[in-house]
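These are the residues of each chain, in order.
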There are 2 protein chains.
Amino acid sequence: MKDYIQHHPWQVIEDRFRPEYHEVSESLFSLGNGRFGIRGNFEEDYSGKSLRGAYFAGVYFPDPTRVGWWKNGYPDYFAKVLNGVNWIGVHILINGVALDLANQTPENFSRVLDMREGILHRSFVIRPAGGGRLHFRFERFCHLGDPDTAAIQIEVRSEGFTGKVELIPYLDFDVHNRDANYGDQFWEGFKSYSGDKGSWVSAITKKTGFTVSSYMLPHVTLNDNPVAGQHPAATATKVADNFAADLHDGDILRLTKYVVNLTNLYIAPEAQQEIGHRKLSEMVTTGYKQLRQNHIKAWENIWDMADIEIEGSIPAQQGIRFNIFHLWQTYTGEDPRMNIGPKGFTGEKYGGSTYWDTEAYCIPFYLGTAESQVARNLLVYRYLHLPKAIENAEKLGFTGGAALYPMVTMTGEECHNEWEITFEEIHRNGAIVYAIYDYIRYTGDAHYILEGGLEVLIGVARFWAQRVNFSEDKQAWVMLGVTGPNEYENNVNNNWYTNYIARWCLQFALKEIDITREHHPDVWADIQARTCFKNEETAQWKDIADNIYLPFDEDRQVYLQQDGFLDKVLMPVSALPAKDRPLNQKWSWDRILRSCFIKQADVLQGMYFFEDQFDLETIRRHFEFYEPMTVHESSLSPCVHAILAARLGMVEKANEMYLRTARLDLDDYNNDTEDGLHITSMAGTWMAVVRGFAGVRVRDGVLHLAPVLPAGWSGFTFKMHYRGRYLSIEAGAATCRITRLEGEPLEIDIYGRRERV
Amino acid sequence: MKDYIQHHPWQVIEDRFRPEYHEVSESLFSLGNGRFGIRGNFEEDYSGKSLRGAYFAGVYFPDPTRVGWWKNGYPDYFAKVLNGVNWIGVHILINGVALDLANQTPENFSRVLDMREGILHRSFVIRPAGGGRLHFRFERFCHLGDPDTAAIQIEVRSEGFTGKVELIPYLDFDVHNRDANYGDQFWEGFKSYSGDKGSWVSAITKKTGFTVSSYMLPHVTLNDNPVAGQHPAATATKVADNFAADLHDGDILRLTKYVVNLTNLYIAPEAQQEIGHRKLSEMVTTGYKQLRQNHIKAWENIWDMADIEIEGSIPAQQGIRFNIFHLWQTYTGEDPRMNIGPKGFTGEKYGGSTYWDTEAYCIPFYLGTAESQVARNLLVYRYLHLPKAIENAEKLGFTGGAALYPMVTMTGEECHNEWEITFEEIHRNGAIVYAIYDYIRYTGDAHYILEGGLEVLIGVARFWAQRVNFSEDKQAWVMLGVTGPNEYENNVNNNWYTNYIARWCLQFALKEIDITREHHPDVWADIQARTCFKNEETAQWKDIADNIYLPFDEDRQVYLQQDGFLDKVLMPVSALPAKDRPLNQKWSWDRILRSCFIKQADVLQGMYFFEDQFDLETIRRHFEFYEPMTVHESSLSPCVHAILAARLGMVEKANEMYLRTARLDLDDYNNDTEDGLHITSMAGTWMAVVRGFAGVRVRDGVLHLAPVLPAGWSGFTFKMHYRGRYLSIEAGAATCRITRLEGEPLEIDIYGRRERV
């Protein structure tokens, strides 16, 4: 855990340069606009430890799998988000010497991410060898209103300095992924052009053939008078413009770098040059100030919709805004080909784009904070991948249209290569279905079942029906060899969560088939034909759902995480010496596996999903049994516990869990923020407030609310979408005001009382 | 499975060139002499698919570990047997064109490994472009009597050919391991020298600093008249001598290449040049014919001691000799720093040297076929590694002198990097102890307990005592998260074999401590001090041994391979479609894991080890339960089944299993002989005859025999060492003759009757 980021309701502030945390800061200060993003790298040269990273939505490379020992069934490739052209770069030379904060200690350094405006600021002062001081001021943004564009402004002011300063803005495509399995360069076909109306570089990804091009037009002024630039010879991968000026005391040298980044996902390769140049010239016409204003306006719209205001706790306020800010930078919900990578545009770890995190954590966030089309696009993404999910299952020996959604993917094809996860962490299939259920519950859009949902339900149900087997010994259906959400157990039998969600998937599919068959016979006939559905399939599904084994301890009256759980030595995390934590960095894997310690909610994940199927005392019993053994070493764990704790009236426990999720990256709880931010788990933070402290639920088609305030909070306010309404909720110490901003009146259950809004 | 090797009692014959199987043949035709070995590569250039491999005993490189996803506790390196200098190479040019059987189809090709003499022969005829024919004849051997040396002879005879033939013998150190994790070159510090008294190359391994040098002195004659050679400029990694001759019809060009290979394990680097040159000159003085005779004589001695003669079945005869031959090529038992790699000198797969195969399979072979010192050296090898075994355990969180022997190693340090094996296939620790027990049982040398054995017993017992935990639920000690010998199950609880051998290790340690304490109090005091042994340790060991859980099915009266085994769908292998086999190439890993199918003996491995602790009916019940579910996809499986089947009177089943192990590589049963031969499992073949068909056992200090003959066999003969005696056993259809060749008279139990020999 670190504690160097200043607390502020709207800003992320690093108040002096900490080279030792620079890669953490690079993650925290990342910017993006849904189309592309950039880590908080310095514009100028930096020879210290740094991960330069610029990423482009949907642009990936299938890197050949690297394993120690091949297991049959492993995918051949791991599709990776690609590190692409460095479009922020500006070499800065002072009397011929490159500015490099690894060599020159800056004074008055500050780095500030203004989340309200979506602008990254940086300023510092250096004392060049020749005497005097140079004041530097940087700002940049990835334009949210025009997501092909970005802009950077750099100001250098002389205080008693006399000498030459050169600014060399450049575009550089000679980049490698740090996480390349075999050190390969993933780009080829480099082209570049350098000219007065804009310079550009472009490249094509090997194998996948994505074309990415980046355009820049730099303007430099000295005391507001234009400085003419030169174009040194471009190489195939790099273009640079050279601006030089002699500075004297009081002079201000200012560079504005207009940037356009295009990918063939939105602009065909052959049109990119024309559009790139046109966009540049439009940017110049509009001017930096106005572009900046337009960008801020776009963020205003987001915040108006998605902000959660917390009164009384600045750390809590900063945390939630940090999470909301990064989620919206990563995914704006416009394109069903896109999804939310676990690191967004902030790092390379976990390479691929889409995990079950999207369904379990992100969809509720977008359901609450955006029009229903955004969440729907995320469902459609999976529907479009259904044929690939069927192929994935076939590769593992399943037949007849059984679908296994991948652990991680770009195209629907499985990328992961740990057998205990790739082949066994199959509960992910349940989350895909649960998201459909959750979507319908919150939006009321039951029609989605007819437009793709039911086909997914059938594919997944078929998978479960083949994945279980009948145990003669137990006289029940069992599921052998799985890894549950708690990845600190591998290859277990009868993971309760997996068996439970499998049963629920079968029941949900059976119910929706019945409804569709009865109410939409034509659609059903069509789906039946498309899925080659045989009516006898349902009988087997019903048998499995009725007779699936769920491990249970009669003495304690708790469901057991898996078979054999009670053979472990049961002890609370609090009994572990501090030096043993985090377990995943201190204990060998076998020791973790045979211990009772739980990485993330597993049985409790199920009780969170299916809360209505358990009474409060049952949930409490399970919370009290499992939570003390939980180390929360997954970023996805605390939010679920926060929600359940709030539900159980354990408000301070909920707050502890909330702060852990909300400030996970800001305070680097898991000592891994340098790899990138935990983007998908950020949605869990929002859930911890809305489904936790506010108690938002939908039960039997009725919206429920039961806000509680943790100690120190005097109130909190948020807006949410619900079945065509748009509501504002203001929770105070003794009051809860619900305002209907849009849509028809509705009845809401508030603290158990029905009220009309 | 392949069937291209001709059947012959003493020879391995490939009767025409099969380029498609060339890498398989390269494995089969490997030669070695305990110090170094070479795959059956061609001397001349070959541009087809081939793995050139020359390996040197004990010379390894720690290659940085390659995994997909790092697990805490993985070792940093995988120590690999190094592919070293190509010392057999001879470029052959015919009118300036390189001879290369990938481009020129040979006629009358034959490749013959004479196992009796230890000589590899090859001959063929080609028709050069200019007309006529050239007859080629090659032979080579790795001198068993002087294991620093080797020799090659090549004869070229013209039949109507007129033209120039060049022979360019060379030494080439520019070699890479095919299995290098990151493609690195493992050698550096190359030196070379070319001269009339011999040329040489030498290199040093990176990191480990082993110095290997190779020396050659080629003699060439044309019709027995010397041909003078030239020394073209040597490079740092390669030296070559050039001999050219104009051939006419009937001319015979003959090259003799004398070779010396030295490593610093036996000759200090600074002495290597002098000794290399001296040995070369001695070889020349002795002459090829005499060297060849000396080598054959050394093999005669081996065969006299180690041969098993089978009458009535040539495939069975060829199989056993092939196994004995390769075992003795790999390991001659002189050096306790050496061990037996799973591929010997025949390939690179499995990289490191020592697996539990040595203790479970090889030690019985050397116990039977060699003086007891050989097996003792293998025990001492592990004793010398005890400190490393304690370190290995410490890395996994064990304390107080608990020892975990590595899954695979060169130096005692663990190399393996699959968590389910590295951390969990801990039964290997039991085999280390069992080998000590077996050694004492067969040699009577109980003194070994005092000279290292007991320290190993204590280290291993401590490991088991920490690895179990007490299950409140079962009210017994359990062992969670292990992989048994059957690697088609991973991370299971209470693997019967592991729990059983752990219990036995504890009991054996307790017993030997008691004996030592009583009879050798001084030695015990010393061991106690050295191991920091506390007397209270034994009470806990006893409690565990008395109360360890062994899964058992009351209905079937069988011990269960592990907890939950009966939840599987139980079905015989015979019910699987042929297209699904071998499972490890056809099924995804999860499917294998959750199936009932067994890779190799697991419960039955335990019943084989501890046969005396079960009555015959119990063994039969378990054999009949488990064998039908066993796919024998480990080379170590069939031999154990052959022994048990013979014991149960199922002689034809035993023979089926015997042929599978004896001809595993000759017939390429598992489609992987191209990676190298299954050297360690070859010892299992010998066991299948001696402990299987001959029924050799030691029970309560008495040697037992009960020979049976499978169909087709009319008899078999072998010799064996037993407690200072050297016996010859001739088993016939109705007779069994035991001759005492050396040592005191003894009483033998033969078919249940005691006889004095």
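Below is a summary of the structure that appears in this document. (Residues numbered from 1 in each chain as written. Chains lettered and ligands numbered in written order. Predicted model: local features only at pLDDT ≥ 70, side-chain atom pairs only at ≥ 80, totals over all residues.)

This part takes up unusual backbone geometry. All names here are of chain A. Going from R581 to P582, the amide bond is cis rather than trans, its omega being -10°. Topologically, P582 is positioned in the loop between strand 24 (558-559) and helix 14 (583-586). Positioned with a positive phi, Q475 is a non-glycine residue whose angle comes to about 50°. Tracing the backbone shows Q475 in the loop between strand 21 (469-471) and strand 22 (476-478). Judged by local crowding, Q475 falls into the exposed class, with 9 C-beta atoms found within 10 Å. If you check the backbone angles, N671 has positive phi at about 60° while not being a glycine. Positionally, N671 belongs in the loop between helix 19 (651-662) and helix 20 (679-693). When the 12 C-beta atoms within 10 Å are taken as the criterion, N671 is described as exposed. (Helix = DSSP H or I, 4+ residues; strand = E, 2+ residues; numbered from the N terminus. Buried ≥ 20, exposed ≤ 12 C-beta atoms within 10 Å, placed from the backbone.)

Here we take up the nonpolar core. Residues A:C505 and B:C505 are the most contacted members of the largest nonpolar core, which totals 448 residues. A domain-level breakdown of this core finds at least three residues from each of domain 1 (11-278) and domain 2 (306-696) of chain B. If we ignore the near neighbours within four places in the chain, the residues touching A:C505 are A:G430, A:V433, A:V460, A:A461 and A:W464. (Core = buried A, V, L, I, M, F, W, Y, C linked by C-beta atoms within 7 Å. Domains from an automatic or database assignment. Contact = placed C-beta atoms within 7 Å.)

Residues and elements named next belong to chain A. Strands sit in the order 2-3-4-5 across an open sheet of four strands; the sheet is antiparallel. The open sheet has two edge strands, strand 2 (31-32) and strand 5 (77-83), and neither has a second partner. Sheet topology places strand 2 next to strand 3 (residues 36-38); two bridges connect them, and they run antiparallel. Pairing of L31 across the sheet is with I38, part of strand 3. (Pairing = 2+ DSSP bridges.)

This part covers the pairing of strand 14 (residues 199-205) of chain B. Residue and element names in this part refer to chain B. Most of strand 14 sits out of view: six of its seven residues are buried. Inspection of the sheet shows strand 13 (residues 187-193) paired to strand 14 by five bridges, in the antiparallel sense. Each bridged residue has a counterpart across the sheet, and for K191 the counterpart in strand 14 is S202. In sequence, strand 13 turns back onto strand 14 through a hairpin of five residues, with G198 there showing a positive phi of about 135°.

Before going further, it helps to examine the pairing of strand 26 (residues 702-705) of chain A. Residues and elements named next belong to chain A. By the alternation rule, side chains of strand 26 split into L703 and L705, which are all buried, and V702 and H704, of which none is buried. Of the strand pairs in this sheet, strand 25 (residues 697-699) and strand 26 are connected by three bridges, and their pairing is antiparallel. Across the sheet, V698 pairs through a bridge with L703, a residue of strand 26. As paired strands, strand 26 and strand 30 (residues 747-750) are joined by three bridges and run parallel to one another.

Listed as interface residues are 41 residues of chain B and, on the opposing side, 41 residues of chain A. Put simply, the parts of the chain that give the side of chain B that touches chain A at least two residues each are strand 21 (469-471), helix 14 (583-586) and helix 15 (589-594) of chain B. With five residues, the top contributor of residues to the side of chain B that touches chain A is helix 15 of chain B. When its residues are assigned to classes, the side of chain B that touches chain A shows 12 nonpolar, 16 polar and 13 charged. (Nonpolar A, V, L, I, M, F, W, Y, C, P; charged D, E, K, R; others polar.)

Time to look at the relation of the copies chain B and chain A. Take chain B, turn it by 180°, move it 0.1 Å along the axis, and it overlays chain A with an RMSD of 0.1 Å. Here the symmetry operator amounts to a two-fold rotation axis. Rotation axis and chain B: the residue whose C-alpha lies nearest the axis is B:V67, separated from it by 2.3 Å. Taken as a fraction of all interface residues of chain B, those also at the interface in chain A reach 100%, which identifies the copy contact as same-surface. (Least-squares fit on C-alpha atoms with pLDDT ≥ 70 in both.)

This paragraph deals with the packing of helix 5 (residues 357-369) of chain A against helix 9 (residues 428-443) of chain A. Residue and element names in this part refer to chain A. In the contact formed by helix 5 and helix 9, the axes pass within 9 Å of each other and the chain directions differ by 15°. The angle between the axes of helix 5 and helix 9 places the two elements in the roughly parallel class. Where helix 5 crosses over helix 9, the handedness of that crossing is right-handed. The residues of helix 9 that touch helix 5, namely those facing E359, A360, I363, P364 and L367, are A431, I432, Y434, A435, D438, Y439, Y442 and T443. (Axes fitted to C-alpha atoms, helices over the stretch in contact; angles between N-to-C directions. Parallel < 35°, antiparallel > 145°, perpendicular 65-115°, else oblique. Left-handed = near helix turned anticlockwise from the far one by under 90°.)

Attention now goes to helix 7 (residues 386-395) of chain A. An α-helical turn contains 3.6 residues, so a residue and the one three or four places further along point in the same direction. All names here are of chain A. For helix 7, every residue scored as buried is listed here: L386, A389, I390, N392 and A393. What you see down the axis of helix 7 is that its buried residues fit within an arc of 155°, all on one side. Of the residues one or two after helix 7, G397 is the one with positive phi, at around 100°. (Arc of directions from axis to C-beta.)

Moving on to the sheet that holds strand 29 (residues 736-742) of chain B. Residues and elements named next belong to chain B. Read from one edge to the other, the open sheet built from four strands follows the order 20-27-28-29, with strand pairing classed as antiparallel. The outermost strands of the open sheet, each flanked by one partner alone, are strand 20 (308-311) and strand 29. Each strand of the sheet is rotated relative to its neighbour by a mean of 20°, with strand direction disregarded. Summarising the sheet, strand 20 and strand 27 (residues 715-722) pair through four bridges and their orientation is antiparallel. Within the sheet, the bridge partner assigned to E309 lies in strand 27 and is T717.

Our next topic: the packing of helix 10 (residues 453-467) of chain A against helix 11 (residues 496-519) of chain A. Helix packing geometry: the angle between the two helix axes and the distance between the axes. Residues and elements named next belong to chain A. Relative to each other, helix 10 and helix 11 sit at 140°, their axes nearing to 9 Å. Classified by the interaxial angle, the pair formed by helix 10 and helix 11 is oblique. Pair helix 10 / helix 11 crosses with left-handed handedness. Along the contact surface, helix 10 presents L454, L457, I458, V460, A461 and W464, while helix 11 presents A502, C505, L506, F508, A509, E512 and T516. Per-class residue counts for the contact of helix 10 with helix 11 are 11 nonpolar, one polar and one charged.

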